[in-house]
Amino acid sequence: IANMTSPTTLSDILNTVRSEYKMDAVRYVGNPQSVINKIAVCNGGGADFIYSAVAQGADLYVSGDIKYHHARFAYETLKEQLLE
């Protein structure tokens, strides 16, 4: 988990990932215009670590494999925090 050097949008991060890794598509859950200040990364299948990332204040969690119910948990949790 790390703080970004400067805030950026989810859309900008997705575009960078697509470009750097020459990917046609990236699956994500969330608002592309969300501002990202803190990011957590886990290689491979790290779905179970999503709860720790949210608890530690990550705005974005990147993993190679996320199950649907884990992704929905993160989305709903972060959406609720943004509305507070």
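Thresholds, definitions, all that
Residues numbered from 1 in each chain as written. Predicted model: local features only at pLDDT ≥ 70, side-chain atom pairs only at ≥ 80, totals over all residues. Heavy atoms only, no water. Helix = DSSP H or I, 4+ residues; strand = E, 2+ residues; numbered from the N terminus. Buried < 20%, exposed > 50% of the residue type's maximum accessible area, 1.4 Å probe, protein only. Contact = heavy atoms within 4.5 Å. Core = buried A, V, L, I, M, F, W, Y, C linked by side-chain atoms within 4.5 Å. Arc of directions from axis to C-beta. Pairing = 2+ DSSP bridges. Axes fitted to C-alpha atoms, helices over the stretch in contact; angles between N-to-C directions.

Draft legend 1. Spotlight on the environment of Met23. Along the chain, Met23 falls in the loop between helix 1 (10-20) and strand 2 (35-45). Residue class for Met23 comes out partly exposed when judged on its relative accessible area of 36%. With 18 residues separating them in the primary sequence, Met23 and Thr5 have C-alpha atoms 24 Å apart. Contacts of Met23, omitting those with residues within four sequence positions, involve Val17 and Arg18.

Draft legend 2. Examining the nonpolar core more closely. Counting eight residues, the largest nonpolar core consists of Ala40, Cys42, Ile50, Ala53, Val54, Ala58, Tyr61 and Ala74. Of all the secondary structure elements, the ones that give two or more residues to this core are strand 2 and helix 2 (50-55). At three residues, helix 2 tops the list of elements feeding residues into this core. What Ala53 contacts, discounting residues up to four positions off in sequence, is Ile1, Ala40, Ala58 and Tyr61. Ile13, Leu14, Ile39 and Leu60 belong to the second-largest nonpolar core, a separate cluster that totals six residues.

Draft legend 3. Representation of helix 1 in the model. Within helix 1, the full set of buried residues consists of Leu10, Ile13 and Leu14. The buried residues of helix 1 all sit within an arc of 100 degrees when viewed along its axis, so they share a single face. Where helix 1 is buried, its residues meet strand 1 (2-9), strand 2 and strand 3 (60-65). One or two steps after helix 1, the chain reaches Lys22, where phi turns positive at roughly 50 degrees.

Draft legend 4. Structural detail: the sheet that holds strand 1. Taken together, the three strands give an open sheet; going across it, the order is 1-2-3, and neighbouring strands pair in mixed fashion. Of all the strands in the sheet, just strand 1 and strand 3 have a single pairing partner and so form its edges. For this sheet, the mean inter-axis angle between neighbouring strands, taken without regard to orientation, is 40 degrees. The pairing of strand 2 with strand 3 spans five bridges and is parallel. Considered in strand 3, the bridge of Ile39 is made with Leu60. In this fold helix 1 packs onto strand 1, strand 2 and strand 3, with an angle of close to 105 degrees to the strand it touches most, strand 1.

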